[in-house]
Amino acid sequence: MSDTPKAPAKPSASQKFEAAVGKALDPFASALKRAASPSAPAPIPAAPGKPGLAVSPLAVPFPTIPPIAGVEMATARAGFYKHERDDLVVFSFAKGTTCAGVFTKHKVGSAPVDWCKRHLDSAEGGKDVRVLVVNAGCANAFTGKAGADAARRTASEVAKRPG
(Lines give C-alpha, C1' and ligand atoms only; values in the text may rest on other atoms or scores of the structure.)
Protein backbone atom coordinates (compact mmCIF):
# COMPACT_ATOMS: atom_id res chain seq x y z
CA MET A 1 0.00 0.00 0.00
CA SER A 2 1.16 3.46 -0.82
CA ASP A 3 0.61 6.57 1.26
CA THR A 4 0.78 8.69 -1.89
CA PRO A 5 -2.45 10.68 -2.21
CA LYS A 6 -4.32 10.29 -5.47
CA ALA A 7 -4.72 13.34 -7.67
CA PRO A 8 -8.28 14.67 -7.65
CA ALA A 9 -10.31 13.52 -10.62
CA LYS A 10 -10.75 16.10 -13.38
CA PRO A 11 -14.36 17.20 -13.86
CA SER A 12 -16.00 15.75 -16.96
CA ALA A 13 -17.28 17.94 -19.80
CA SER A 14 -20.84 17.37 -18.62
CA GLN A 15 -19.93 18.42 -15.05
CA LYS A 16 -18.25 21.58 -16.39
CA PHE A 17 -21.31 22.26 -18.55
CA GLU A 18 -23.73 21.89 -15.64
CA ALA A 19 -21.57 24.12 -13.41
CA ALA A 20 -21.45 26.79 -16.11
CA VAL A 21 -25.24 26.62 -16.54
CA GLY A 22 -25.56 27.41 -12.84
CA LYS A 23 -23.09 30.30 -13.17
CA ALA A 24 -24.89 31.67 -16.22
CA LEU A 25 -28.32 31.54 -14.59
CA ASP A 26 -27.33 33.37 -11.42
CA PRO A 27 -25.82 36.60 -12.84
CA PHE A 28 -28.80 37.55 -15.05
CA ALA A 29 -29.33 40.84 -13.23
CA SER A 30 -25.71 42.01 -13.50
CA ALA A 31 -25.42 40.84 -17.13
CA LEU A 32 -28.55 42.78 -18.03
CA LYS A 33 -27.30 45.83 -16.17
CA ARG A 34 -24.02 45.69 -18.12
CA ALA A 35 -25.86 45.20 -21.42
CA ALA A 36 -28.21 48.11 -20.73
CA SER A 37 -25.47 50.57 -19.74
CA PRO A 38 -25.17 53.42 -22.25
CA SER A 39 -21.35 53.44 -22.21
CA ALA A 40 -19.71 52.27 -25.43
CA PRO A 41 -17.54 49.18 -25.10
CA ALA A 42 -13.79 49.63 -25.46
CA PRO A 43 -12.27 48.31 -28.68
CA ILE A 44 -10.96 44.77 -28.37
CA PRO A 45 -7.29 44.54 -29.39
CA ALA A 46 -7.27 40.74 -29.69
CA ALA A 47 -9.81 38.02 -30.31
CA PRO A 48 -11.56 37.17 -27.02
CA GLY A 49 -9.71 34.48 -25.14
CA LYS A 50 -6.89 34.32 -27.67
CA PRO A 51 -4.06 36.57 -26.53
CA GLY A 52 -1.90 37.75 -29.39
CA LEU A 53 -4.43 36.86 -32.07
CA ALA A 54 -5.40 40.20 -33.57
CA VAL A 55 -8.91 40.95 -34.74
CA SER A 56 -9.09 41.26 -38.51
CA PRO A 57 -8.86 44.86 -39.81
CA LEU A 58 -11.90 43.94 -41.93
CA ALA A 59 -14.01 43.10 -38.87
CA VAL A 60 -17.11 45.23 -38.49
CA PRO A 61 -17.91 46.42 -34.94
CA PHE A 62 -20.78 44.50 -33.41
CA PRO A 63 -23.80 46.79 -33.06
CA THR A 64 -25.41 47.52 -29.72
CA ILE A 65 -28.55 45.44 -29.41
CA PRO A 66 -31.39 47.05 -27.51
CA PRO A 67 -33.07 45.04 -24.76
CA ILE A 68 -35.78 42.64 -25.95
CA ALA A 69 -38.86 42.63 -23.74
CA GLY A 70 -39.33 39.27 -22.04
CA VAL A 71 -35.82 37.96 -22.82
CA GLU A 72 -32.81 37.85 -20.53
CA MET A 73 -29.42 36.47 -21.57
CA ALA A 74 -26.26 35.54 -19.71
CA THR A 75 -22.99 33.92 -20.75
CA ALA A 76 -20.51 31.78 -18.85
CA ARG A 77 -17.38 29.71 -19.39
CA ALA A 78 -17.99 25.97 -19.23
CA GLY A 79 -14.43 25.15 -20.27
CA PHE A 80 -15.10 23.57 -23.67
CA TYR A 81 -12.16 25.48 -25.16
CA LYS A 82 -8.59 25.85 -23.94
CA HIS A 83 -8.81 29.62 -24.39
CA GLU A 84 -10.33 31.81 -21.71
CA ARG A 85 -13.65 32.71 -23.30
CA ASP A 86 -17.34 32.25 -22.69
CA ASP A 87 -18.71 29.16 -24.40
CA LEU A 88 -22.21 28.91 -22.97
CA VAL A 89 -25.25 31.17 -23.23
CA VAL A 90 -28.50 30.87 -21.29
CA PHE A 91 -31.67 32.63 -22.40
CA SER A 92 -34.57 33.18 -20.00
CA PHE A 93 -37.99 33.93 -21.49
CA ALA A 94 -41.14 35.50 -20.09
CA LYS A 95 -43.96 33.23 -18.95
CA GLY A 96 -46.11 32.10 -21.86
CA THR A 97 -43.31 32.11 -24.46
CA THR A 98 -43.77 29.60 -27.27
CA CYS A 99 -40.86 28.17 -29.24
CA ALA A 100 -40.20 25.98 -32.25
CA GLY A 101 -37.12 24.19 -33.51
CA VAL A 102 -35.43 23.71 -36.85
CA PHE A 103 -33.11 20.73 -36.98
CA THR A 104 -30.76 19.18 -39.51
CA LYS A 105 -31.98 16.09 -41.33
CA HIS A 106 -28.81 14.03 -40.85
CA LYS A 107 -29.00 10.90 -38.73
CA VAL A 108 -26.12 11.84 -36.42
CA GLY A 109 -27.76 13.37 -33.40
CA SER A 110 -26.60 14.70 -30.12
CA ALA A 111 -28.17 14.28 -26.73
CA PRO A 112 -29.36 17.90 -26.35
CA VAL A 113 -30.80 17.96 -29.88
CA ASP A 114 -32.58 14.64 -29.30
CA TRP A 115 -33.92 15.97 -25.98
CA CYS A 116 -35.23 19.14 -27.67
CA LYS A 117 -36.90 17.22 -30.50
CA ARG A 118 -38.61 14.87 -28.03
CA HIS A 119 -39.98 17.73 -25.96
CA LEU A 120 -41.10 19.81 -28.94
CA ASP A 121 -42.91 16.73 -30.31
CA SER A 122 -44.68 16.11 -26.98
CA ALA A 123 -48.32 17.03 -26.30
CA GLU A 124 -47.31 20.43 -24.90
CA GLY A 125 -44.88 21.10 -27.76
CA GLY A 126 -43.09 24.42 -27.40
CA LYS A 127 -45.67 26.00 -25.09
CA ASP A 128 -44.48 28.07 -22.13
CA VAL A 129 -40.76 27.58 -22.73
CA ARG A 130 -38.84 29.47 -20.08
CA VAL A 131 -35.13 28.70 -20.68
CA LEU A 132 -32.80 27.86 -23.57
CA VAL A 133 -29.24 26.63 -22.87
CA VAL A 134 -26.77 26.77 -25.79
CA ASN A 135 -23.15 25.66 -25.76
CA ALA A 136 -20.48 26.50 -28.31
CA GLY A 137 -19.29 23.93 -30.81
CA CYS A 138 -20.07 20.23 -30.79
CA ALA A 139 -19.32 19.61 -27.14
CA ASN A 140 -22.38 17.39 -26.70
CA ALA A 141 -22.26 15.28 -29.89
CA PHE A 142 -21.26 11.61 -29.85
CA THR A 143 -21.61 11.35 -26.08
CA GLY A 144 -24.01 8.39 -25.88
CA LYS A 145 -25.76 7.62 -22.60
CA ALA A 146 -23.51 9.97 -20.64
CA GLY A 147 -24.55 12.84 -22.93
CA ALA A 148 -28.24 11.95 -22.61
CA ASP A 149 -27.85 11.89 -18.81
CA ALA A 150 -26.07 15.27 -18.89
CA ALA A 151 -28.85 16.80 -21.04
CA ARG A 152 -31.49 15.45 -18.65
CA ARG A 153 -29.59 16.71 -15.57
CA THR A 154 -29.03 20.13 -17.16
CA ALA A 155 -32.75 20.45 -17.95
CA SER A 156 -33.61 19.29 -14.44
CA GLU A 157 -31.29 21.86 -12.83
CA VAL A 158 -32.60 24.66 -15.04
CA ALA A 159 -36.19 23.67 -14.18
CA LYS A 160 -35.45 24.06 -10.45
CA ARG A 161 -34.59 27.75 -10.88
CA PRO A 162 -37.34 30.22 -10.06
CA GLY A 163 -38.52 32.09 -13.07
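Each remark here, short or long, concerns the structure printed above.
Fair warning: this is a prediction, and the values are worked out from it, not measured in the lab.

Reading guide: rules and limits
Residues numbered from 1 in each chain as written. Predicted model: local features only at pLDDT ≥ 70, side-chain atom pairs only at ≥ 80, totals over all residues. Heavy atoms only, no water. Salt bridge = Lys/Arg side-chain N within 4 Å of Asp/Glu carboxyl O. Helix = DSSP H or I, 4+ residues; strand = E, 2+ residues; numbered from the N terminus. Axes fitted to C-alpha atoms, helices over the stretch in contact; angles between N-to-C directions. Parallel < 35°, antiparallel > 145°, perpendicular 65-115°, else oblique. Left-handed = near helix turned anticlockwise from the far one by under 90°. Contact = heavy atoms within 4.5 Å. Nonpolar A, V, L, I, M, F, W, Y, C, P; charged D, E, K, R; others polar. Pairing = 2+ DSSP bridges. Disulfide = S-S within 2.5 Å.

## Some thoughts on the pattern of salt bridges
One side chain can pair with another of opposite charge once the charged atoms of both are near each other. Enumeration according to the criterion identifies 3 salt bridges in this entry. With its nearest N and O atoms 4.0 Å apart, the salt bridge here joins Arg152 to Asp149. In this pair, Arg152 and Asp149 are both assigned in helix H4 (residues 144–160), 3 residues apart and thus about one turn of the helix distant. Three or more residues are tied together by salt bridges with common partners; here these are Lys145, Asp149 and Arg152.

## A few points about the packing of helix H3 (residues 111–120) against H4
Helix packing geometry: the angle between the two helix axes and the distance between the axes. The N-to-C vectors of H3 and H4 enclose an angle of 55°; their axes lie 8 Å apart at closest approach. As far as their axial angle goes, H4 and H3 are oblique. The hand of the H3/H4 crossing is right-handed. Contacts between H3 and H4 pair Ala111, Pro112 and Trp115 from the former with Gly147, Ala148, Ala151, Arg152 and Ala155 from the latter. The class makeup of the residues in the contact of H3 with H4 is 6 nonpolar, 1 polar and 1 charged.

## A short note on the sheet that holds strand S1 (residues 71–76)
Here 3 strands make up an open sheet; going across it, the order is S1-S2-S3 and the pairing antiparallel. With partners counted over all chains shown, the strands left at the sheet margins are S1 and strand S3 (131–135), one partner each. Strand-to-strand, the axes of this sheet are offset by a mean angle of 15°, without reference to chain direction. Of the pairings in the sheet, the one linking strand S2 (residues 88–93) to S3 comprises 5 bridges and is antiparallel in character. Looking across to S3, one finds that Phe91 is bridged to Leu132.

## Notes on the environment of Val158
Within the element layout of this structure, Val158 appears in helix H4. Placed 27 residues apart in sequence, Val158 and Val131 show a C-alpha to C-alpha distance of 7.4 Å.

## Some details on the state of the cysteines
Applying the stated criterion across every chain, the model contains 0 disulfides. As a non-bridged cysteine, Cys99 has Cys116 as the owner of its nearest cysteine sulfur, 7.9 Å distant.

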